[in-house]
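A structural walkthrough
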Amino acid sequence: MTLIAAITILTGCGGTHRDDDTRLTVAVSIEPQRYFVEQIAGDKAEVKTLVPSGAKPETYDLTPAQIIDLSHCKAYFTMGHMPFERTWADNYSDTHPHTNIINLSHGIEPIMTDHTHDSPAVSDTGHVFVEPHTWMSVANALIIARNVRDGLCIADPGNKAYYDSRCDTLCQRLKRLDRHIRTMLADADSTFLIYHPALSYFARDYGLTQVSIEREGKEPSPREMKDIIDRATAIGIRVLFIQPEYDDRAARTLTGETGTAIVKVNPLAYDWEKEMTAIAAALSHDRHPAQ
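Residues numbered from 1 in each chain as written. Predicted model: local features only at pLDDT ≥ 70, side-chain atom pairs only at ≥ 80, totals over all residues. Heavy atoms only, no water.

1. Describing helix α6 (residues 160-184)
Stated precisely, the cut-off is as follows: Elements are defined by DSSP. Helices are runs of H or I of four residues or more, strands are runs of E of two residues or more, and each kind is numbered from the N terminus. Multiplying one less than the number of residues by 1.5 Å gives the expected span of a helix. Note on exposure labels: buried denotes an accessible area under 20% of the residue type's maximum, exposed denotes more than 50%, and partly exposed covers the range between, all computed with a 1.4 Å probe on protein chains only.
An ideal rise of 1.5 Å per residue puts 36 Å on 25 residues; α6 measures up with 36 Å between its terminal C-alpha atoms. For α6, every residue scored as buried is listed here: Tyr-163, Cys-167, Leu-170, Cys-171, Leu-174, Leu-177, Asp-178, Ile-181 and Met-184.

Given below as structure tokens:
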């Protein structure tokens with residue numbers, strides 16, 4: 001008997017929320033999604049995040065308690081390309097038809113990469129991989145916001161006008177953010193280093209080049225590290241982004257050789273707008289100092 005099947009027996013059909021609480025109960029995979037959902041849902045929904053702070057979505061496994069919690073959710077908003085989502089979401093959908101599963105990356109043009117996130121898509125040339133960090137893009141965020149709105153309207157059609165209005169407000173703010181970032185990047189570095197390649201969509205939006213230290217989920221070999229150092233030195237790369245959940249030893253070695261400034265970035269942070277602004281500020285000539 002599978003874990004989900006066993007939990008289904010324990011939880012029965014499940015409810016959507018308590019009788020004394022008229023709010024929706026919905027779930028998301030990561031904290032940035034909670035930010036988007038709460039901006040549009042307002043006080044109409046309680047939002048639960050599955051991947052805890054500090055955990056890696058690439059390797060995370062849902063706990064039995066979390067699956068039980070999901071049985072009480074009216075909607076689950078996935079990012080669409082997270083490895084842990086792909087391993088169980090289809091089966092969960094079959095056993096819990098009352099939970100609407102909404103893919104927030106629907107309609108986003110994916111970036112295909114040879115960097116494995118355990119999320120394969122078969123191509124004519126073999127296996128390539130969908131870069132899963134779709135939310136790290138203001139252009140994509142506009143699509144995500146509308147997907148959130150549509151999902152909430154499906155789960156709670158009586159409040160459609162409310163969700164429409166809040167989505168419109170968020171989209172206007174996102175467009176202002178995009179203009180602000182473009183201003184900051186007008187004279188910015190065109191190439192940056194990053195430990196784990198989480199800014200592919202950000203780079204695509206603004207015509208930047210991302211150079212990843214991590215290769216296919218592994219530390220670089222000595223030869224690969226030398227190649228990165230040579231490239232950083234030749235181009236004059238000044239910024240190296242590193243995320244809190246990754247070991248920074250390789251990054252420290254590289255900065256010692258190149259003088260590149262280490263800038264901490266957290267793509268999994270709740271305050272998505274603050275993170276996006278900080279990334280752009282780090283690349284501008286008034287970038288953050290080394291940390």
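2. A word on the pattern of salt bridges
Operational definition: By salt bridge we mean one thing: a side-chain nitrogen of Lys or Arg within 4 Å of a carboxyl oxygen of Asp or Glu.
One pass over the full model with this rule turns up 12 salt bridges. Here Arg-149 ties to Asp-150 by a salt bridge, and the two come within 3.1 Å at their closest N and O atoms. In this structure, the salt-bridge partner of Arg-149 is Asp-164, at a minimum N-O distance of 4.0 Å. Of this pair, Arg-149 sits in helix α5 (residues 138-155) while Asp-164 sits in helix α6, and the two are 15 residues apart along the sequence.

3. Notes on empty space enclosed by the protein
Spelled out, the test is: Only protein atoms enter the 1 Å grid, on which a cavity is a set of points fitting a 1.4 Å probe that cannot get out and a pocket is an open set with protein on both sides within 12 Å along at least 5 of 7 lines, lining residues being those with an atom within 4 Å of a point. Grid points are joined across faces, edges and corners, and a volume is the space filled by probe spheres set on the points. The residue classification treats Ala, Val, Leu, Ile, Met, Phe, Trp, Tyr, Cys and Pro as nonpolar and Asp, Glu, Lys and Arg as charged. All others, Gly included, are polar.
Scanning the entire structure with this criterion turns up one cavity of 30 Å³ or more. Here the largest cavity defines a volume of roughly 80 Å³. Along its surface, the largest cavity is lined by Pro-57, Glu-58, Met-82, His-133, Trp-135, His-196, Ala-198, Gln-243, Glu-245, Tyr-246, Pro-267 and Leu-268. The residue inventory of the lining of the largest cavity, partitioned by class, reads seven nonpolar, three polar and two charged.

4. Notes on the sheet that holds strand β8 (residues 191-194)
Stated precisely, the cut-off is as follows: Two strands pair under a simple rule: DSSP has to find at least two bridges between them. An axis is simply a line fitted to the C-alpha atoms; with a helix, the fit covers only the stretch in contact. Between two such axes, the angle follows the N-to-C directions and lies from 0 to 180 degrees. Any pair of residues with heavy atoms lying within 4.5 Å of one another is described as a contacting pair.
The parallel open sheet is built from four strands, whose spatial order is β9-β8-β10-β11. This sheet does not close on itself; its edge strands, each paired only once, are β9 (209-212) and β11 (261-264). If you compare each strand with its neighbour and ignore which way they point, the axes differ by 30 degrees on average. Two strands pair when backbone bridges link them, and β8 and strand β10 (residues 239-242) are joined in this way by two bridges, in the parallel orientation. Bridging across to β10, Leu-193 finds its partner in Leu-240. Of the strands in this sheet, β8, β10 and β11 are in contact with helix α9 (residues 249-258), which crosses β10 at around 170 degrees.

5. Quick word on the confidence of the model for the protein chain
Heads up, the rule is: The predictor reports its confidence for every residue as pLDDT, a score running from 0 up to 100.
Summary statistics for the protein chain give a mean pLDDT of 83 and a share of 82% for residues scoring 70 or more. Counting interchain partners and residues more than four positions distant, the pLDDT-below-50 stretch residues 1-20 has 34 contacts. Across residues 116-127, where pLDDT falls below 50, the model places 28 contacts with residues more than four positions away in sequence or in other chains.

6. Brief notes about the packing of helix α8 (residues 222-235) against α9
Heads up, the condition is: Any angle that falls under 35 degrees is termed roughly parallel, while one over 145 is termed roughly antiparallel, one within 65 to 115 roughly perpendicular, and all others oblique. Working rule for handedness: look at the near helix, and if it is turned counterclockwise from the far one by less than a right angle, call the crossing left-handed; if clockwise, right-handed.
The N-to-C vectors of α8 and α9 enclose an angle of 40 degrees; their axes lie 10 Å apart at closest approach. Regarding the angle of α8 to α9, the classification is oblique. As α8 packs across α9, the resulting crossing turns out to be right-handed. The residues of α9 that touch α8, namely those facing Met-225, Ile-228, Ile-229, Ala-232 and Thr-233, are Ala-250, Leu-254, Glu-257 and Thr-258. Its residues assigned to classes, the contact of α8 with α9 comprises six nonpolar, two polar and one charged.

7. A short note on the sheet that holds strand β1 (residues 24-28)
Read across the sheet, four strands follow the order β2-β1-β3-β4 without closing on themselves; strand pairing throughout is parallel. Bordering the open sheet on either side are β2 (45-49) and β4 (100-103), each of which pairs with just one other strand. The sheet shows a mean angle of 25 degrees between the axes of neighbouring strands, direction not considered.

8. Some words on the environment of Glu-46
On the secondary structure map, Glu-46 appears in strand β2. You can call Glu-46 partly exposed: its relative accessible area is 28%. For the pair Glu-46 and Val-26, spaced 20 residues apart in sequence, the C-alpha to C-alpha distance is 6.2 Å. Apart from residues lying up to four places away in sequence, Glu-46 is in contact with Arg-23, Leu-24, Thr-25 and Val-26.

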